Amino acid sequence: MIDDTLLEAEEKMERAIEHAKEEFAAVRTGRASSAMFNRITVDYYGAPTPIPQVASIAIPEPRMVIVKPFDTSQMKDIEDAIRNSNLGVNPSNEGTQLRLNLPPMTEERRREMIKIVRTKGEDAKIAIRNVRRKAKDEIGKFVKDGEVSEDEGRSGEKELDDLTGRFTGQVDELVGAKESELLEI
């Protein structure tokens, strides 16, 4: 019973880490990345669709992105979506493709992005702690109902705490890596 609870908690914590990685990938650094477009959606025949599903994204240079729609009738919608996003870039329409030149980030913008990364990291830690709390309550219920001994409950809670510490440490590492990436010039 406790093993099942711990296994379920570990799976949920891993999902929280994966979600944090996706969130961090969407944060713009000084370099171009196709992940920057994963959260930008376009109205594609009535359905909001992420840009990577309606266009190919190429990065010929570290600060340049070329977005080539699969369906050229979507060019204007993609251009508007990129322009209205929080990327802070103005796409240049070349007829069959959009060219985006990413300006170097100012020190102020870098600091803003670091704050955003830290907030997203704290959100991930909160999700992990919520999983821990639910699992701890479940273990406590097992002990209270007499399904497991108090010693087994304590050792299960210790394992849960170790698991939580490991995953919050991973979040800290991810935040640190993204911060150093943002501070690169």
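Above this text is the structure in question.
Presented here is an overview of the structure given in this document. Please read all numbers here as calculations on a predicted model, not as lab measurements.

## What to know about the environment of A135
As for its position among the elements, A135 is in helix α3 (residues 107-144). Among the residues examined, A135 registers a relative accessible area of 5% and is labelled buried. For the pair A135 and K120, spaced 15 residues apart in the sequence, the C-alpha separation amounts to 23 Å. A135 has contacts with T5, A9 and L160, leaving out every residue within four places of it along the chain.

## Let's talk about the sheet that holds strand β6 (residues 98-101)
The strand order across the open sheet formed by four strands is β3-β4-β6-β5, and the pairing between neighbours is antiparallel. What marks the edges here is a single partner per strand, and that holds for β3 (55-61) and β5 (92-93). Bridging between β5 and β6 involves two bridges; their strand directions are antiparallel. Paired with S92 across the bridge in β6 is R99. Strand contacts of helix α2 (residues 75-84): β3, β4 (64-69), β5 and β6, with the helix running at about 15° to β6, the strand carrying the most contacts.

## Side note on the packing of helix α1 (residues 2-25) against helix α4 (residues 150-183)
When two helices pack together, their arrangement is given by the angle between the helix axes and the distance between those axes. Close contact between α1 and α4 brings their axes to 11 Å; oriented N to C, the two are set at 10°. Classified by the angle their axes make, α1 and α4 are roughly parallel.

## Digging into unusual backbone geometry
With a phi angle near 50°, Y45 is a residue other than glycine that sits in the positive phi range. Mapping Y45 onto the fold places it in the loop between β1 (41-44) and β2 (47-50). Taking the relative accessible area as the measure of exposure, Y45 reaches 62% and is therefore exposed.

Conventions used here
Residues numbered from 1 in each chain as written. Predicted model: local features only at pLDDT ≥ 70, side-chain atom pairs only at ≥ 80, totals over all residues. Heavy atoms only, no water. Helix = DSSP H or I, 4+ residues; strand = E, 2+ residues; numbered from the N terminus. Buried < 20%, exposed > 50% of the residue type's maximum accessible area, 1.4 Å probe, protein only. Contact = heavy atoms within 4.5 Å. Pairing = 2+ DSSP bridges. Axes fitted to C-alpha atoms, helices over the stretch in contact; angles between N-to-C directions. Parallel < 35°, antiparallel > 145°, perpendicular 65-115°, else oblique.

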